[in-house]
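Report on the structure
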Amino acid sequence: SSSVQIIGNVVVQRVGTRETRVPIREIRKISAYKVDSFTYDTVKVLIETASETVELCEDDEGFSETLDLLAIRLEGFNRLWREQVIPNAFEPNLTLLYPCEATSE
């Protein structure tokens, strides 16, 4: 089983007995994409720092809550990412969540 949560200012991912900690201030880039799982698509999110990349999966316990908190904590986070990643079944739809290019509404 796997889970992800924010504890203080750190994203904490647990996969089995392994724990990965990523300080929010060290996050350089966050992107999301879909993986074709035959009958459905699975959304994955990559959190990148200068030294490592951590992959989160929508099946992780706490996934949505963690991303909602990151959207609040990180200025310039792409809050419309779900609408950009989810459409078009079986296509990856790689989408940048942070830092987000400024778009004029």
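Look up a bit, the structure's there.
Report on the accompanying structure. All residue numbers refer to positions counted from 1 along the written sequence of the respective chain. For a predicted model such as this one, the threshold for reporting local features is a pLDDT of at least 70, and the threshold for listing and counting side-chain atom pairs is 80 or more; totals across whole chains, interfaces and linings nevertheless cover every residue. Here the side-chain values reflect all heavy atoms present in the structure, with hydrogen atoms and water set aside.

**Topic: the overall build of the protein**
The following threshold applies: Note on conventions: DSSP H or I runs of at least 4 residues are helices, E runs of at least 2 residues are strands, and numbering of each starts at the N terminus. Throughout, radius of gyration means the C-alpha value; the globule benchmark is 2.2 Å times the number of residues raised to the power 0.38. Remark: exposure states derive from per-residue accessible area (1.4 Å probe, protein chains only) relative to the maximum for the residue type, with buried under 20%, exposed over 50%, and partly exposed in between. Whether two residues touch is decided by their heavy atoms; if any such pair falls within 4.5 Å, the residues are in contact. To measure how exposed things are, a 1.4 Å probe is used in the Shrake-Rupley method; for residues, cover is taken only from the protein chains shown. When charges are counted, Lys and Arg contribute as positive and Asp and Glu as negative, whereas His and the chain ends are disregarded. Charge coordinates come from a single atom per side chain, which is NZ of Lys, CZ of Arg, CG of Asp or CD of Glu.
Across its full length, the protein carries 2 helices and 7 strands. Reading the protein from its N terminus to its C terminus gives the helix and strand order β-β-β-β-β-β-α-α-β. Taking 2.2 N^0.38 as the reference for a compact globule, 105 residues should give roughly 13 Å; the C-alpha atoms of the protein span a radius of gyration of 14 Å, in line with that estimate. Relative to its 105 residues, the protein shows a buried fraction of 41%. Put simply, 41% of the contacts in the protein that link residues at least 6 apart link residues at least 24 apart. Total accessible area computed for the protein in this model is approximately 6,600 Å², and 49% of it derives from carbon and sulfur atoms. Of note, the protein has its 11 positive side-chain charges centred 7 Å away from the centre of its 18 negative side-chain charges.

**Quick look at the side chain of Gln13**
To keep it simple, the criterion reads: Distance and chemistry together define a polar contact, namely a pair of N or O atoms within 3.5 Å, with one atom able to donate a hydrogen and the other to accept it when in protein, and with adjacent residues in sequence counting only for side-chain atoms on both sides.
Looking at where Gln13 falls in the secondary structure, it is placed in strand S2 (residues 10-15). When its relative accessible area of 6% is taken as the criterion, Gln13 is described as buried. At a separation of 2.7 Å, a polar atom in the side chain of Gln13 contacts the main-chain carbonyl oxygen of Glu55. Non-local contacts of Gln13, meaning those with residues more than four positions away in its chain, are made with Ser3, Val4, Arg18, Glu19, Thr20, Val54, Glu55, Leu56 and Asp60.

**Remarks on the packing of aromatic side chains**
Applied cut-off: Working definition: a ring pair exists when centres of Phe, Tyr or Trp rings (six-membered ring for Trp) sit within 6.5 Å. Plane angles under 30 degrees give stacked, over 60 give edge-to-face, the rest tilted.
Counted under the stated rule, the structure contains 1 aromatic pair. When the centroid spacing of 6.5 Å and the interplanar angle of 75° are considered together, the rings of Phe63 and Trp81 count as edge-to-face. Of the two residues, Phe63 sits in helix H1 (residues 63-73) while Trp81 sits in helix H2 (residues 81-85), which places them 18 residues apart along the sequence. Phe63 sits in the buried class, given a relative accessible area of 5%. Take Trp81: its relative accessible area is 3%, and that puts it in the buried class.

**Digging into the pattern of salt bridges**
Operational definition: Between Lys or Arg on one side and Asp or Glu on the other, a salt bridge is scored when a side-chain nitrogen of the former is within 4 Å of a carboxyl oxygen of the latter.
Enumeration over the complete set of coordinates arrives at 5 salt bridges. The salt bridge involving Asp41 is made with Lys34; its shortest N-O contact spans 3.6 Å. In this structure, Asp41 and Lys34 share a single accessibility class: buried. Where Glu55 meets Lys44, a salt bridge forms, and the shortest distance between an N and an O atom there is 3.8 Å. With Glu55 in strand S6 (residues 53-57) and Lys44 in strand S5 (residues 41-48), this residue pair connects regions lying 11 residues apart in the sequence.

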